[in-house]
Amino acid sequence: AAGAGERRASAGGRRVGTRVACAIALIAAILIGVPGSHPAAAATKVPGIDVSRWQGDVNWAAVASTPVRFVIMRATRGNAYNDPMYAEYLAEASTNGLVVGAYHRAKVGVAAGDAKAEADHFVDVARNDGGDVLPVLDIEDANGLNVARLTDWVRTWLSRVSARTGVRAMIYSS
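Notes on the pattern of salt bridges
Right, on to step 1. Tallied over the full model, the rule gives seven salt bridges.
Right, on to step 2. Across the pair Arg74 and Asp83 runs a salt bridge whose closest N-O atoms are separated by 2.9 Å.
Right, on to step 3. Relative accessible area serves as the criterion here: at 8%, Arg74 is assigned to the buried category.
Right, on to step 4. Here Asp120 ties to Arg160 by a salt bridge, and the two come within 2.7 Å at their closest N and O atoms. With Asp120 in helix 5 (residues 114-125) and Arg160 in helix 6 (residues 147-165), this pair connects stretches of sequence that are 40 residues apart.
Right, on to step 5. Given the relative accessible area of 18%, Asp120 is considered buried.
Right, on to step 6. Through salt bridges that share partners, Asp120, Asp124, Arg160 and Arg164 make up one connected network.

Section: helix 6
Right, on to step 1. Taking 1.5 Å per residue as the helical rise, helix 6 with its 19 residues ought to reach 27 Å, and the 27 Å between its terminal C-alpha atoms agrees with that figure.
Right, on to step 2. Residues of helix 6 that are buried include every one of Leu150, Trp153, Val154, Trp157 and Val161, and no others. For helix 6, the angular spread of buried residues about the axis comes to 95°, placing them on one side. Away from its buried face by more than 90 degrees, helix 6 exposes Arg155 and Ala163.
Right, on to step 3. Where the residues of helix 6 are buried, they touch strand 4 (99-105), helix 5, strand 5 (136-139) and strand 6 (170-173).
Right, on to step 4. Where helix 6 begins, the capping side chain belongs to Asn146, and its oxygen is found 3.2 Å from the backbone nitrogen of Ala148.
Right, on to step 5. The positive-phi residue at the C-terminal boundary of helix 6 is Gly166, with phi of around 85°.

Parameters and conventions
- Residues numbered from 1 in each chain as written.
- Predicted model: local features only at pLDDT ≥ 70, side-chain atom pairs only at ≥ 80, totals over all residues.
- Heavy atoms only, no water.
- Salt bridge = Lys/Arg side-chain N within 4 Å of Asp/Glu carboxyl O.
- Buried < 20%, exposed > 50% of the residue type's maximum accessible area, 1.4 Å probe, protein only.
- Helix = DSSP H or I, 4+ residues; strand = E, 2+ residues; numbered from the N terminus.
- Expected span 1.5 Å × (residues − 1).
- Arc of directions from axis to C-beta.
- Contact = heavy atoms within 4.5 Å.
- Polar contact = N/O pair within 3.5 Å; in protein donor to acceptor, adjacent residues only side chain to side chain.

Rendered as structure tokens:
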């Protein structure tokens, strides 16, 4: 069993593994800056994890002692919620030499301006500095939107984040 404050390898279970599997190919190319056509680099994987308040206290020194090289942490959800662990995780993961990034857990809404409001909230809260993993949009629920409306919502969110940060965000979903 892990000691107090240590994160067990299985903490977060399939949720962490699924997200990492969905994002790892994109992130590996981003972090190492290698075009996908380079055969040796195409097989390279950069292990990482995602975390949110649900992981509780994380022993970042222990995480940094593993092959994990990056962490994507939830910064926001919807247009008002801030993950209460984000600032602590950001500081401690950075201090322990991990590459960091932030994700926004979408709370897709049908109200006019919802995607822009959520994007603005994320950009206002999340750190998106040079060297960080690109901003991430986490879509887990369409909230009843059909494919066309959800696609418009996502495009609006991505465009707004890009306009405000100067970088293109990526998407992962379950």
